[in-house]
Amino acid sequence: MPRFMPAPQPEVSVAPTPSVAANPLFPFVLQLADTSLILAHRLSEWCGHGPILEQDLALANIALDLLGEARSYYQYAAELEGKGRTEDDLAYLRSAVEYRNPLLVEQPNGDFAHTIVRQFLFDNFHYELLKALKNGPDAQLAAIAEKSMKEATYHLKWSSEWMIRLGDGTPESRQRLDKALAVLWRYAGELTTPTPAETNLQELGLVPDYAALLPAMQAHLAHVLAEATVPMPTTPAFAQQGGKQGRHSEHLGYLLTELQYMQRTYPGLTW
Amino acid sequence: MNQQEWPLWEVFIRSKQGLDHKHVGSLHAADAVMAVQNARDVYTRRLEGVSIWVVESKHIHASNPDEAAEFFDPAADKVYRHPTFYDVPDSIKHM
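Residues numbered from 1 in each chain as written. Chains lettered and ligands numbered in written order. Predicted model: local features only at pLDDT ≥ 70, side-chain atom pairs only at ≥ 80, totals over all residues. Heavy atoms only, no water.

## A look at the overall build of chain A
Spelled out, the test is: To qualify as a helix, a DSSP run of H or I must reach at least 4 residues; to qualify as a strand, a run of E must reach at least 2; elements of each kind are numbered from the N terminus. Radius of gyration means the value over C-alpha atoms here, while the globule rule gives 2.2 Å times the residue count to the 0.38 power. Partly exposed describes any residue whose relative accessible area lies between the buried limit of under 20% and the exposed limit of over 50%, with all areas from a 1.4 Å probe on protein chains only and scaled to the type maximum. Contact criterion: two residues are considered in contact whenever any of their non-hydrogen atoms come within 4.5 Å of each other. Only the protein chains shown count as covering a residue, and every accessible area follows the Shrake-Rupley method with a 1.4 Å probe. Within this scheme the basic residues Lys and Arg register as positive and the acidic residues Asp and Glu register as negative, but His and the chain ends are omitted. Throughout, a charge is located at the NZ atom of Lys, the CZ atom of Arg, the CG atom of Asp or the CD atom of Glu.
The helix and strand inventory of chain A stands at 12 helices and 0 strands. At 18 Å, chain A has a C-alpha radius of gyration in line with the 18 Å of a compact globule built from 271 residues. Taking the principal axes of its C-alpha atoms as reference, chain A extends roughly 55 × 40 × 35 Å. Evaluated residue by residue, chain A yields a buried proportion of 52% over its 271 residues. In chain A, of all internal contacts separated by at least 6 residues, the share reaching a separation of at least 24 is 80%. Accessible surface, chain A as shown: approximately 12500 Å² in total, 59% of it carbon and sulfur. Looking at chain A, you have 21 positive and 31 negative side-chain charges, and the mean spots of the two groups are 1 Å apart.

## Things to note about the pairing of strand β2 (residues 21-28) of chain B
All names here are of chain B. The cut-off we apply is this: The pairing criterion for strands is at least two bridges between them, as found by DSSP.
With 7 bridges joining them, strand β1 (residues 8-14) and β2 adopt antiparallel strand pairing. Bridged to V11 within β2 is G25. In this structure, the hairpin formed by β1 and β2 is closed by a connection of 6 residues, where G18 is found at a positive phi of approximately 95 degrees.

## What about the interface of chain B and chain A?
Put simply, the test is: Once two parts are brought into contact, the accessible area they lose, counted with a 1.4 Å probe and summed over both, makes up the buried area. One speaks of a salt bridge when a side-chain nitrogen belonging to Lys or Arg is within 4 Å of a carboxyl oxygen belonging to Asp or Glu. Two N or O atoms count as a polar contact when they lie within 3.5 Å, although within protein this holds only if one can serve as hydrogen donor and the other as acceptor, and sequence-adjacent residues are included solely when both atoms are side-chain atoms. Charged means Asp, Glu, Lys or Arg here, nonpolar means Ala, Val, Leu, Ile, Met, Phe, Trp, Tyr, Cys or Pro, and polar covers whatever is left, Gly included.
Contacts between the two partners involve 14 residues from chain B and, on the opposite side, 18 residues from chain A. Between chain B and chain A, a total of about 1600 Å² is buried, with carbon and sulfur atoms accounting for 57% of that surface. Our count for the chain B to chain A interface comes out at 1 salt bridge. When the shortest N-O distance is used, the salt bridge between R165 of chain A and D31 of chain B registers 2.7 Å. Taken together, chain B and chain A are joined by 7 residue pairs in polar contact (both at pLDDT 80 or more). By residue number, the principal contributor to the side of chain B that touches chain A is helix α1 (residues 32-43) of chain B, which donates 7 residues. Residues belonging to the side of chain B that touches chain A are distributed by class as follows: 6 nonpolar, 4 polar and 4 charged.

## Details of helix α5 (residues 112-134) of chain A
Put simply, the rule reads: One fewer than the residue count of a helix, multiplied by 1.5 Å, yields its expected span.
The end-to-end C-alpha distance of α5 of chain A, which contains 23 residues, comes to 31 Å, matching closely the 33 Å that a straight helix rising 1.5 Å per residue would cover. For α5 of chain A, the tally of buried residues reaches 20 of 23 residues, placing the bulk of the element in the interior.

## Observations concerning the sheet that holds β2 of chain B
The strands that make up a sheet are held in pairs by hydrogen bonds between backbone atoms, and each pair lies either parallel or antiparallel. All names here are of chain B. Using the following cut-off: Fitted lines through C-alpha atoms serve as axes, helices being fitted only where they are in contact, and the angles separating the N-to-C directions of these axes extend from 0 to 180 degrees.
Here 3 strands make up an open sheet; going across it, the order is β2-β1-β3 and the pairing antiparallel. The open sheet has two free edges, formed respectively by β2 and β3 (51-56), since each of these has just one partner strand. In this sheet, adjacent strand axes meet at a mean angle of 25 degrees when their direction is disregarded. Where β1 lies against β3, 6 bridges are found, and the strand directions are antiparallel. Across the sheet, residue I13 finds its bridge partner in β3, namely I52. Contacting β1, β2 and β3, α1 crosses the sheet at an angle of about 110 degrees to β2.

## Topic: the pattern of salt bridges
A full pass over the atoms with the stated rule returns 14 salt bridges over all chains. With a shortest N-O distance of 3.1 Å, R174 of chain A and D178 of chain A are connected by a salt bridge. Here D178 of chain A and R174 of chain A lie together in helix α7 (residues 171-184), a separation of 4 residues that amounts to about one turn. Judged by relative accessible area, D178 of chain A falls into the partly exposed class, the value being 31%. Between K78 of chain B and D77 of chain B there is a salt bridge; the shortest N-O distance is 3.2 Å. Judged by relative accessible area, which is 58%, D77 of chain B ranks as exposed. Here the salt bridges share partners, and the residues they tie into one network are D111, E172 and R176 of chain A.

## A short note on unusual backbone geometry
Not every positive phi belongs to a glycine, and T229 of chain A is a case in point at roughly 60 degrees. Tracing the backbone shows T229 of chain A in the loop between α10 (210-227) and α11 (251-259). With a relative accessible area of 42%, T229 of chain A lands in the partly exposed category. The backbone of L47 of chain B sits at a positive phi, close to 60 degrees, despite the residue not being glycine. Relative to the assigned elements, L47 of chain B resides in the loop between α1 and β3.

## Here's the deal with the side chain of E87 of chain A
All names here are of chain A. Looking at the element boundaries, E87 is found in helix α3 (residues 87-92). Owing to a relative accessible area of 18%, E87 belongs among the buried residues under this scheme. Residues contacting E87, with those up to four places away along its chain left out, are R71, Y74, Q75 and A78.

## Digging into the packing of aromatic side chains
Counted only if it meets this: Pairing of aromatic rings covers Phe, Tyr and Trp, the last through its six-membered ring, and needs centres within 6.5 Å; plane angles under 30 degrees mean stacked, over 60 mean edge-to-face, and all others mean tilted.
Tallied over the full model, the rule gives 5 aromatic pairs over all chains. Their ring planes at 85 degrees and their centres at 6.0 Å tell us that W46 of chain A and F112 of chain A sit as a pair that is edge-to-face. Taken as a pair, W46 of chain A in the loop between α1 (26-44) and α2 (53-81) and F112 of chain A in helix α5 lie far apart in primary sequence, 66 residues in all. A ring pair is formed by F71 of chain B and F72 of chain B, whose centres lie 5.6 Å apart and whose planes are at 70 degrees; its orientation type is edge-to-face.

Laid out in structure tokens, this is it:
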């Protein structure tokens, strides 16, 4: 099938009107796909730059786990949409304002502590979300969640252990962790704050009730921070949001430029 | 953190239930929990293992290569220690 470059999208600050999807679940599955893809790409930026070989590999492993999960979601999303787009079209030929990932996962890597805090805040949500999706009404989502659950369990273990070691490590590691948490905490709340579209799906029972995930997330957060001797952040966690509705930070555009470069430059390229 | 301060760990992987743990290499880690995680990430990415042991390298006491002659050479001319003087019946497999 011949491919073509889509018409240039104006870079506007407001999200475009969501297209009418064939299946109400399509935007949600796309959101899951975007979230895993963008975080996978961020983690892949560490490849060859990890603080030690062991962690370089660990970061790349997690990136690949998330990329695999993203592919499953994109394939399913393409099927739900039913307009002939493929997983590659969805990943490589959409602009920043069409992406539906929460702001947290597009934030730059920063130093290792910054990456760990971002990962931990995401993993703590991801793990509980998959647990809920695994028992959800949609068989395909449940199957993807079942497969990804083992990986996410390890991711959460890995990032939790690092939170503890950086927090209760040296004065420098602690200072870096504190700084990262101060910056990234404001993005944590978006993960569990439903958008109007998510609320509709929650009312239909198609999307897990995020409020039900919070007690377990908060318990694990409190446990890890206590072990890390880090005080619980006191500022509200819902300060920054909009990513799930296409209102992104400036970072996503740069990320997509690199991620999509090959398909944008050589449309339809395969190897 | 200064990685120079992280101790070295030896990693042993059991590839299948019923087999022994085998030494596969070494790595650096701050503590035992992290050493097991690092071993998982470095040495079991391609389905190499079902179980991991790690031990700090400083706890391994090795024979001295300079003493190899008196340690090992005397065994070379004691073929009677090998059970090779028996005829194994054809029906016995895997010997």
